[in-house]
Amino acid sequence: MKPQTVLERAENRFGWQLVAPSLGVIGLLILYPILYNVYLSFFDVQLVGDNVFVGLENYQRLLTDSAFYDSLTTTAIYLLGTVAGTTLLGLGAALLLNQDFPGRNVVRGLILLPYFAPVISVVFGWQFIFDPVNGVYNYMVVEVFNLTDERMNVIRDPDLGVIVVIVFDIWKHFPIAYLLILSKLQSINTDLYEAAAIDGHGPWGRFWHVTLPELYFVLGTIVILRFIWNLNKFEEVFLLAPNVQTLPIFTYYTAFTGVIDQGLAASVSVIQFVLLCGLIWFYVKKVLKW
Amino acid sequence: MASVTLENVIKRYGDLQAVHGVDLEIRDGEFMVLVGPSGCGKSTTLRMIAGLEAISEGTCRIGDRVVNDVPPQRRNIAMVFQNYALYPHKSVRENIVFGLKRAKTEPAEIHKRLAEAARMLRLEPYLDRKPAALSGGQRQRVAMGRAIVRDADVFLFDEPLSNLDAKLRHDMRTEIRRIHKNYGTTSIYVTHDQVEAMTLADRVVVMRDGWIEQVGRPMDIYLHPANLFTATFIGAPSMNILDGTLDADGVHLGSHTLPVPPAKQAVAAAALEAGGGRARPIKIGIRPDFFEDCAFATMGPNSVRLDGLRVEIVEPLGFDREITFHIGESSAMARLDLRSDIAEDSTIDLCVDLERVHFFDPDSGKNLELVA
């Protein structure tokens, strides 16, 4: 509706003045790189000299490249594992720490530590755990429990490495799920549990009919946030297990190592971006029903 | 249906004792109201019957079964909560039949009971709505519906009407009365509102500070309160409590003397004798409703006149008018009708039937008529 009075028009103008700086920053730092990235994906990018327009050739090459499909598979495994893992572990921790027991507040604080810890230092810790020669993992598996005879470099193996990366991510990020779920748990009206008990439900029925429906949107939010974060996640995977090639890592190797091909890398980014937008759209419409 | 029996039931929270040894029998089909001010232990008592609070000591029976260690889901009770406690993500229909489904009732039977409850509570148009889309009164009716469709042994009500406005509260009171008439289920109802207690109950339990003060039919408690607490808590406006003196001539109240009525003479004599025959202070209780304007009063054999009382405030309420007047050192209230068209700062002659006047021991607070 068009503002009618002088005052309304003045207020409108003032509003635009207030949001203008943010719009400028967003445009410069987010919109411009995205558009430039889309632009690059249609070119054979030359580090020295002019870019050569190649149309859809980059995309055609990608879709026939088995390394790209391997990367997609790794990404899917990584996403499913981390999203399910953090959500379930967070839920379990929140349910447990919503019970009353002595020392609860201390535990509630301590459980957040992995989330606070700087990535770089804990990554080195984890690498040490899995070190083939000195690591505690191989010591336990080989020497103590005799599960295999052979010491393995778990982290360097692309197939096993993805599992380590998933476990690492769950350990590092379940506290955020736990935090969000716990705060919702604390706001559930205890009357509802009492009503469900009176209606004949034991602990499991009360969890299923009261707790879960109340947590639906929190769980939904956690799942989508984790999806977004982890589809774009670079540093944790790259630092911990550089052989695990999720899409961001694959893009990095394509763009900056070996036969440097930034046009091809740009087209991977575009596909990743479209994938993410599609996922979010589907999820918001069908699961969260916003 | 079943009776509910409490034997010396005690509730402790750490060192704090909230309910001190309650003995109570609620008969099969009876409507029992627990009433008292905040913190008197009435809700705690109800929640112990529901199984939502553990019983620290004593025994609770539903029917013949001791239920102390039976969790709420196996007590076969239905409960209406103060804040309704409707499941927000379930429709009205699902809310109402939730317990029935749990009990694996036949679908045809569920349908029949749902239809009956919805008709009775006028919820038919709202069955597919979520609780958030209902008004307070409608939500309360859904909570009620959830209770009545169940074939429960006992209905428990925890201040179900206290979140409603005055008009709705009145309507829902009638509704609850009607439900009890139809189903006849043993009901235990907690409230702090003495009007609800009076209107709904077969019998009332008046509680204070974790003790039972009096148990009885509403009119018995109204007419024969056991002590100062029930006398002032039950009845609105509240009973006037005046300071008087008892001696051999009767009871002195300012310049007025009330003779001791025949029924209470023995108790009065005993009270005097205990004090060595000396005059002793006494609390006199007269309900505002039992004062009459002498101009219109029909004098019975036990009626006395209190002449020349100074009227301080007159509050017309339509048919009734409440007047505040001075008697002796105290100020008191009388409820007269619109015929007594008196002005403030004038005087009035009030008559009262001595049978309606209560004498309380100022130390123990006990009603002397019931002491003997």
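Let us look at the structure shown here. The structure displayed is predicted, hence computed values, not measured ones.

What counts, and at which threshold
- Residues numbered from 1 in each chain as written.
- Chains lettered and ligands numbered in written order.
- Predicted model: local features only at pLDDT ≥ 70, side-chain atom pairs only at ≥ 80, totals over all residues.
- Heavy atoms only, no water.
- Contact = heavy atoms within 4.5 Å.
- Buried area = accessible area lost by both parts, 1.4 Å probe.
- Salt bridge = Lys/Arg side-chain N within 4 Å of Asp/Glu carboxyl O.
- Helix = DSSP H or I, 4+ residues; strand = E, 2+ residues; numbered from the N terminus.
- Pairing = 2+ DSSP bridges.
- Axes fitted to C-alpha atoms, helices over the stretch in contact; angles between N-to-C directions.
- Parallel < 35°, antiparallel > 145°, perpendicular 65-115°, else oblique.
- Left-handed = near helix turned anticlockwise from the far one by under 90°.
- Disulfide = S-S within 2.5 Å.
- Buried < 20%, exposed > 50% of the residue type's maximum accessible area, 1.4 Å probe, protein only.

So, about the interface of chain B and chain A. Every contact between the two is made by 21 residues of chain B and, on the other side, 17 residues of chain A. Overall, the association of chain B and chain A removes approximately 1700 Å² of surface from exposure, summing both partners, and the carbon and sulfur fraction of that is 58%. At the junction of chain B with chain A, the criterion picks out 2 salt bridges. Note that Arg150 of chain B and Asp199 of chain A form a salt bridge whose closest N and O atoms lie 3.3 Å from each other. Those elements giving two or more residues to the side of chain B that touches chain A turn out to be helix H1 (42-50), strand S6 (77-80) and helix H2 (92-102) of chain B.

This paragraph deals with the sheet that holds strand S10 (residues 211-216) of chain B. Residues and elements named next belong to chain B. Judged by pairing direction, the sheet is mixed, and its 6 strands sit side by side in the order S6-S7-S8-S3-S9-S10 without closing on themselves. With partners counted over all chains shown, the strands left at the sheet margins are S6 and S10, one partner each. Recorded for the sheet is a direction-independent mean angle of 15° between the axes of neighbouring strands. With 5 bridges connecting them, strand S7 (residues 154-158) and strand S8 (residues 186-191) associate as parallel partners. Counted as the bridge partner of Leu156 is Ile188 from S8.

On to the packing of helix H6 (residues 119-129) of chain A against helix H8 (residues 158-186) of chain A. All names here are of chain A. One way to put it is that H6 packs onto H8 with a least axis distance of 12 Å and a crossing angle of 135°. Considering the angle they form, H6 stands oblique to H8. Two packed elements cross with a definite hand, and for H6 against H8 that hand is right-handed. The residues of H8 that touch H6, namely those facing Val119, Val122, Val123 and Trp126, are Val164, Val167, Phe168, Trp171 and Lys172.

In this section: the state of the cysteines. Here is the idea: a disulfide is a covalent bond, and it sits between the sulfur atoms of two cysteines. Residue and element names in this part refer to chain B. Taken as a whole and judged by the stated rule, the model has 1 disulfide over all chains. The disulfide bridge from Cys294 ends at Cys351, spanning 2.1 Å between sulfur atoms. Here Cys294 and Cys351 share a disulfide; its torsion about the S-S bond, 115°, makes the bridge right-handed. Remark: Cys351 occurs in strand S19 (residues 347-353) and Cys294 occurs in the loop between strand S15 (291-293) and strand S16 (303-316); sequence separation between them is 57 residues. We note that Cys294, like Cys351, is buried. A disulfide-free cysteine, Cys40 has its sulfur positioned 17 Å from the sulfur of Cys60, the nearest such atom.

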